[in-house]
Each structure stands twice: as structure tokens, then as C-alpha cells.
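Topology and contacts: notes
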Amino acid sequence: MDYSTLKFLHVLSAIFLFGTGVGSAFYLFFTTLNRDVAPVVVVSRLVVVADFVFTATTAIAQPVTGVLLARRAGIPLDAGWLAVSIALYALAIACWLPVVRLQIRMRDLSATASSMALPSGYWKCFRWWVALGVPALFAFIAITYLMVAKPF
């Protein structure tokens with residue numbers, strides 16, 4: 001595979017990873033805060049599907065295409081900006097893995113909730129989901145900056 005095709009796949013998968021993550025988080029966050037159970041059931045189900053279809057596949061594609069790009073360009077993986085990007089990516093994925101489990105739990109809890117209110121277990125998962133999602137978001141923003149600027 002030539003460099004341009006590889007770079008295109010890397011950028012495209014970054015767009016899907018970041019876009020799906022931010023979009024899914026936005027809808028689940030604000031739907032949850034609305035406290036209307038029926039939309040939470042639908043949105044939480046779709047967020048889990050999106051995570052498996054888009055996020056999981058691109059989470060694998062990113063390091064694979066990234067390493068191949070670095071090798072083709074002759075950039076060592078311990079180059080400053082790239083090493084920091086890799087560490088931030090590891091942090092983001094370490095946050096994302098429990099988030100997937102939390103989203104599955106939130107989906108299941110909302111599906112069995114009464115039409116009147118989400119259960120306390122949902123809200124506990126939601127707080128952890130936010131706490132893990134924020135550092136992952138900022139890690140991905142920093143990675144994007146590092147990939148574009150290559151400051152060091």
C-alpha cells in the first residue's frame with residue numbers, strides 16, 4: 001500500500017474515531033440529563049452499536065496505520081511528538097475500554113427502567129462514564145494537535 005493511501009486511511013479512521021466518540025457522547029450526555037427514559041433507551045442502544053461498528057474498528061486501525069506510516073516516513077516511534085501521541089493514545093484507550101462496559105450497563109439499566117425514572121445504578125455508571133470520557137476526549141484533542149504540528 002502506498003504512503004498516500006495509508007495516510008488517507010489513517011486520517012479517515014481518525015475522523016471516524018473522534019467524530020463517533022464526540023457525537024455519541026454528546027447525544028448520550030444530553031439525553032441522559034433530560035431524564036426522559038424512553039430517549040435514553042434508544043440513544044444508549046445506538047451508542048453501544050456505534051462503539052462496536054466505528055470506534056472499535058478505528059481504534060485498531062489507528063495504531064496499525066500509524067506505525068506503518070511512521071516506518072514508511074522513517075520516523076522512529078520514540079520521536080518526541082510521536083512517543084507522546086502513543087502514550088496519550090494508550091491513555092485514551094485505557095479510558096475507553098471501561099467506558100464501553102459502562103455504556104453496555106447503562107443501555108441495559110435504561111431498558112429495564114420504569115418509564116418514570118432511571119435507576120440509581122444508571123446514574124453511578126453515568127458519572128464514571130463522564131469521568132473517563134473527559135480525559136479521553138482531551139487526549140484525542142492533544143494527539144490531533146501533535147499529529148498536525150509535530151512540535152518536538
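Residues numbered from 1 in each chain as written. Predicted model: local features only at pLDDT ≥ 70, side-chain atom pairs only at ≥ 80, totals over all residues. Heavy atoms only, no water.

Another aspect to go through is the overall build of the chain. What the chain contains, in helices and strands, is four helices and zero strands. Walking the chain from its N terminus toward its C terminus, one meets helices and strands in the order α-α-α-α. Dimensions of the chain, computed from C-alpha atoms along their principal axes, come out at roughly 60 × 25 × 20 Å. Put simply, the chain has 152 residues, and 36% of those count as buried. Relative to all contacts within the chain whose residues are 6 or more apart in sequence, the contacts with residues 24 or more apart total 78%. Accessible area for the chain stands at about 8,700 Å²; split by element, carbon and sulfur atoms hold 73% of it. The average position of the 11 basic charges and that of the 5 acidic charges among the side chains of the chain differ by 5 Å. (Helix = DSSP H or I, 4+ residues; strand = E, 2+ residues; numbered from the N terminus. Buried < 20%, exposed > 50% of the residue type's maximum accessible area, 1.4 Å probe, protein only. Contact = heavy atoms within 4.5 Å. Areas by Shrake-Rupley, 256 points an atom, 1.4 Å probe, with all protein chains shown as cover. Lys, Arg positive; Asp, Glu negative; His and termini not counted. Charge placed at Lys NZ, Arg CZ, Asp CG, Glu CD.)

Attention now goes to the pattern of salt bridges. A full pass over the atoms with the stated rule returns one salt bridge. With a closest N to O distance of 2.9 Å, arginine 107 and aspartate 108 form a salt bridge. Residue classification places arginine 107 among the partly exposed residues on the basis of a relative accessible area of 26%. (Salt bridge = Lys/Arg side-chain N within 4 Å of Asp/Glu carboxyl O.)

This part is about the packing of helix H1 (residues 3–34) against helix H4 (residues 120–149). Where H1 meets H4, the closest approach of the two axes is 11 Å, and the angle between their N-to-C directions is 150 degrees. In terms of their interaxial angle, H1 and H4 are classed as roughly antiparallel. Crossing geometry of H1 relative to H4 is assigned as left-handed. Contacts between H1 and H4 involve Leu17, Phe18, Val22, Ala25, Leu28, Phe29, Thr32 and Leu33 from the former and Tyr122, Trp123, Phe126, Trp129, Val130, Leu137, Phe140 and Ile141 from the latter. (Axes fitted to C-alpha atoms, helices over the stretch in contact; angles between N-to-C directions. Parallel < 35°, antiparallel > 145°, perpendicular 65-115°, else oblique. Left-handed = near helix turned anticlockwise from the far one by under 90°.)

Below, the discussion takes up the packing of H1 against helix H2 (residues 37–73). It is the contact of H1 with H2, at a shortest axis distance of 7 Å, that shows an interaxial angle of 155 degrees. One way to sum up the angle between H1 and H2 is to call them roughly antiparallel. Where H1 crosses over H2, the two elements pack in a sense that is left-handed. Split by residue class, the contact of H1 with H2 holds 19 nonpolar, 12 polar and two charged. (Nonpolar A, V, L, I, M, F, W, Y, C, P; charged D, E, K, R; others polar.)

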